[in-house]
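Each chain, letter by letter, is given below.
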Amino acid sequence: MAAAAGGYADILKAPHAVRLLAGTLVGRLPNATAPIAIVLFTRAEGGSYSLAGALAAVYGLANAVGQPLLGRAVDLHGQPRVQLPAAVVSALGMALLVLAGTGQLPLAYTAVAVAGLFTPPLEGGLRALWPSVLGGEDRVHRAYALDAVAQEVMFTVGPLLVTLLVAVQSPAAALLVINAVGVLGALSVVLSGPSRAWRSAPREAHWLGALRSPGLLALLGSFFFVGLAMGSITVAGVAYADDHGRESVYGWLMAALGLGALIGGGIYGARQWAGAPERRLRLLVGLLALGYLPLLLTPGVVPMTALAAVAGLFLAPAIACAFIVVDRHAPRGTVTEAFSWLVTTFGVGAAAGTAVAGPAVELSGTTAGFGVAAAAGIAALLVLLATRRVLAVPLRTAQHAGAVVAVSENDRNGAVEPGFSSRRQA
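The rules behind these values
- Residues numbered from 1 in each chain as written.
- Predicted model: local features only at pLDDT ≥ 70, side-chain atom pairs only at ≥ 80, totals over all residues.
- Heavy atoms only, no water.
- Helix = DSSP H or I, 4+ residues; strand = E, 2+ residues; numbered from the N terminus.
- Contact = heavy atoms within 4.5 Å.
- Patch = residues over 30% accessible without salt bridge, like charges linked within 9 Å, V, L, I, M, F, W, Y side chains within 5 Å.
- Areas by Shrake-Rupley, 256 points an atom, 1.4 Å probe, with all protein chains shown as cover.
- Salt bridge = Lys/Arg side-chain N within 4 Å of Asp/Glu carboxyl O.
- Expected span 1.5 Å × (residues − 1).
- Buried < 20%, exposed > 50% of the residue type's maximum accessible area, 1.4 Å probe, protein only.
- Phe/Tyr/Trp six-rings, centres within 6.5 Å; stacked < 30°, edge-to-face > 60°.
- pLDDT = per-residue confidence, 0-100.
- Axes fitted to C-alpha atoms, helices over the stretch in contact; angles between N-to-C directions.
- Left-handed = near helix turned anticlockwise from the far one by under 90°.
- Nonpolar A, V, L, I, M, F, W, Y, C, P; charged D, E, K, R; others polar.

**With respect to the environment of Pro194**
Within the fold, Pro194 resides in helix 10 (residues 193–197). In this structure the C-alpha to C-alpha distance between Pro194 and Trp130, which are 64 residues apart in sequence, comes to 9.1 Å. Discounting residues that sit within four places of it in the chain, Pro194 has contacts with His16, Leu20, Leu129 and Val133.

As structure tokens, this is what we get:
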């Protein structure tokens, strides 16, 4: 951990690094807490679990459509012209949900769809900015790990912040405050020098964009199920809290899940990893799936909180490793779009998870909701195992007949991870 802290400190000393990381995390707070906030708001309005899951699912699906489209727009037109307007429109969508409530269902569905569709692709945008801010390949990949760890801080603090706002005011106030803060975060990012100066590398015109990479498609297939697991835990966690008669239990479960990921990410970032990241990703996703199984026990609050922390241990390492795999398999000039597709697929999976877990809980109880998460984790591993041949050869390796490709081949992002030689294969 000390080695990781030293490496992270070196990254944070770089000009603009703290501002970009903090601004992105704050700007993404509405997206990170939206499923929780929507579920709590719907329940407070008297809506059922199925309605809460459906609204959260619509938000997630709209987000899934918007992220790659906005990501491609960023690659083509730059960050300020896309990120800030999108953040404002998304916040207005959530404000409309608060005003409309759940009594007028068409308006409620429209509101969450607008909020999800225009969620700015800040996550992909930050990863596109790291090379110009940090320069060295090792530092860029260390920043990917730092980014994953920092996200888990947000996922730890976010649920607590939402439940605090709900306790002090109301779920409606939580939605409004979180989204207003998100706009300020996006504003901080787009006004920075690196964001205003960044331009994507030249790209080959192709209607599929980043999706023409078979390896990227394989990765997206796996992370759909990782997202499905997380989405189902969102609903199952609310049901568990209801079973135990305390709304605050939900916030603690979600915070424990994020804390576990934070610890796992910190340990993962403490060293440089040798070997193919694709092979390592299979191991990490397998351990992630294994961590979901004990949640089926649904014990008392204290042991369940501990199990939630264990379930989160391998999430941040898996995400950090996935960043590297995306970078290795994305076509030239599609960096923001490729990262946004990963966010999109995760969002689609999360939306599917909330939609499936709601009826599962109502039909068979809380355990069934956590059962959806366990099954999804196993499915994510099976996808990686089934596509190991596709993932074994990164796109640029295939395109250049096995030659070692320079860092500049993919929007100045490194082609390899620290400690990894691009001549080695899984």
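**Description of a nonpolar patch on the surface**
Together, Leu290, Leu293, Leu296, Ile378, Leu382 and Leu385 give the surface a local cluster of nonpolar side chains, amounting to about 500 Å² of exposed area. In terms of residue count, helix 17 (residues 366–386) provides more of the nonpolar patch than any other element does, 3 residues in total. Here Leu296 shows up in the loop between helix 13 (277–292) and helix 14 (301–312).

**Some points on helix 17**
Between its terminal C-alpha atoms helix 17 stretches 31 Å, which fits the 30 Å expected from 21 residues at 1.5 Å a residue. By the burial criterion, the buried members of helix 17 are Thr366, Gly369, Phe370, Val372, Ala373, Ala374, Ala376, Gly377, Ala379, Ala380 and Leu384.

**Looking at the packing of aromatic side chains**
Applying the stated rule across the entire model yields 2 aromatic pairs. Centroid distance Phe323 to Phe339: 6.3 Å. Interplanar angle 85°. Geometry classified as edge-to-face. Within this pair, whereas Phe323 is found in helix 15 (residues 315–329), its partner Phe339 is found in helix 16 (residues 335–364), the two being separated by 16 residues in sequence. Summarising the burial analysis for this pair, Phe323 and Phe339 share the class buried.

**Let's talk about the confidence of the model for the chain**
Residues with a pLDDT of 70 or more make up 86% of the chain, whose mean pLDDT is 81. Low pLDDT (under 50) marks residues 396–426, which in the prediction has 79 contacts with non-local residues, meaning those over four places away or in another chain.

**Some words on the packing of helix 11 (residues 214–243) against helix 12 (residues 248–268)**
Between helix 11 and helix 12, whose axes approach to 8 Å, the crossing angle comes to 145°. As helix 11 packs across helix 12, the resulting crossing turns out to be right-handed. When helix 11 is examined against helix 12, the residues Met230, Ile233, Thr234, Gly237, Val238, Tyr240 and Ala241 are found in contact with a partner set consisting of Val249, Tyr250, Leu253, Met254 and Leu257. Broken down by class, the residue content of the contact of helix 11 with helix 12 amounts to 10 nonpolar, 2 polar and no charged.

**Regarding helix 13**
Taking 1.5 Å per residue, 16 residues should reach 22 Å; helix 13 reaches 23 Å between its end C-alpha atoms and fits that length. The buried count for helix 13 comes to 12 of 16 residues, which makes it a mostly enclosed element. All buried positions along helix 13 are accounted for by Pro277, Glu278, Arg280, Leu281, Arg282, Leu284, Val285, Gly286, Leu288, Ala289, Gly291 and Tyr292. The elements touched by buried residues of helix 13 are helix 11, helix 12, helix 14, helix 15, helix 17 and helix 18 (388–392).

**Things to note about the environment of Ala113**
Examined against the element boundaries, Ala113 turns out to sit in helix 6 (residues 105–117). Once the C-alpha coordinates of Ala113 and Gly93 are considered, the two residues, 20 residues apart in sequence, prove to be 7.7 Å apart. Beyond its immediate chain neighbours, meaning those up to four positions away, Ala113 contacts Val58 and Ala62.

**Remarks on the pattern of salt bridges**
Summed over the entire model, instances satisfying the criterion amount to 3 salt bridges. The salt bridge involving Arg28 is made with Glu123; its shortest N-O contact spans 3.1 Å. One end of the pair, Arg28, is in the loop between helix 2 (17–27) and helix 3 (29–44); the other, Glu123, is in helix 7 (residues 122–134), and 95 residues separate them in sequence. For the pair Arg28 and Glu123, one class covers both residues: buried.

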